[in-house]
Amino acid sequence: MVYENIRNLREDSDKLQIELAKYLNVKQTTYSKYERGAINVPIDVFIKLADYYDVSIDYLVGRTKNKK
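This structure is a prediction, so every number in the text was calculated from the model and none was measured.

Trainee: Quick question: what am I supposed to make of the overall build of the protein chain here?
Mentor: Of regular secondary structure, the protein chain possesses 5 helices and 0 strands. Taken from the N to the C terminus, the helices and strands of the protein chain come in the order α-α-α-α-α. Over its C-alpha trace the protein chain gives a radius of gyration of 11 Å, about what one expects of a compact globule, namely 11 Å for 68 residues. Judged by the C-alpha coordinates and their principal axes, the protein chain covers about 30 × 25 × 20 Å. Considering only intrachain contacts with a sequence separation of at least 6, the fraction spanning at least 24 residues in the protein chain is 48%.

As C-alpha cells, then:
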C-alpha cells in the first residue's frame with residue numbers, strides 16, 4: 001500500500017520518477033525501488049514526500065485514506 005500511494009501521487013501529479021529523485025537527492029533507480037517496494041523508504045524521504053505532495057505521512061504509509 002505504501003508504495004502504491006507514492007506511485008499514485010506521482011502519476012496524479014504528472015511527474016516523472018527522475019523529477020522526484022532529483023527533489024529527494026537520490027538516483028532515479030533508488031526512487032524506482034521505493035515505488036516498487038524493493039527497498040525501505042527512509043523516514044526523511046517520507047517527510048519530504050509528505051511535504052512535497054501536502055499529504056500526511058499516515059496517508060503515505062496507508063494508515064488512513066485521508067490525505068491530510
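Trainee: Sorry, what's going on with the packing of aromatic side chains here?
Mentor: By convention here, two paired aromatic rings are described through the distance between centres and the angle between planes. Under the counting rule described, the total for this entry stands at 3 aromatic pairs. Judged by centre distance (6.3 Å) and plane angle (75 degrees), the ring pair of Y31 and Y34 falls under edge-to-face. Linking Y31 with Y34, this pair stays in helix α3 (residues 28–36), spanning 3 residues, or about one helical turn. For the pair shown, Y31 and Y34 are each scored as buried. Connected via pairs of aromatic rings, a cluster forms that spans Y23, Y52 and Y53.

Trainee: Honestly, the side chain of S32 in this entry has me stumped. Any pointers?
Mentor: Position of S32 relative to the elements: it lies in helix α3. Looking at S32, its side chain comes within polar contact range of the side chain of R36, at 2.8 Å.

Trainee: What is the right way to read helix α2 (residues 17–24) from this model?
Mentor: Working note: α-helix, 3.6 residues per turn, so residues spaced by three or four point in the same direction. The set of residues buried in α2 consists of Q17, L20, A21 and L24. Seen end-on, α2 carries its buried residues on one side only, within an arc spanning 105 degrees. Residues of α2 that are buried make contact with α1 (2–12), α3 and α4 (43–53). Immediately downstream of α2, the backbone of N25 shows phi near 60 degrees, a positive value.

Trainee: Hey, could you run me through the nonpolar core in this one?
Mentor: A general trend in soluble globular proteins is that nonpolar side chains are found buried together. I6, Y31, L49, Y53 and L60 are the most contacted members of the largest nonpolar core, which totals 17 residues. With 5 residues, the top contributor of residues to this core is α4.

Procedures and definitions
- Residues numbered from 1 in each chain as written.
- Predicted model: local features only at pLDDT ≥ 70, side-chain atom pairs only at ≥ 80, totals over all residues.
- Heavy atoms only, no water.
- Helix = DSSP H or I, 4+ residues; strand = E, 2+ residues; numbered from the N terminus.
- Rg over C-alpha atoms; globule rule 2.2 N^0.38 Å.
- Contact = heavy atoms within 4.5 Å.
- Phe/Tyr/Trp six-rings, centres within 6.5 Å; stacked < 30°, edge-to-face > 60°.
- Buried < 20%, exposed > 50% of the residue type's maximum accessible area, 1.4 Å probe, protein only.
- Polar contact = N/O pair within 3.5 Å; in protein donor to acceptor, adjacent residues only side chain to side chain.
- Arc of directions from axis to C-beta.
- Core = buried A, V, L, I, M, F, W, Y, C linked by side-chain atoms within 4.5 Å.

In short, shape yes, function no, at least from these values alone.
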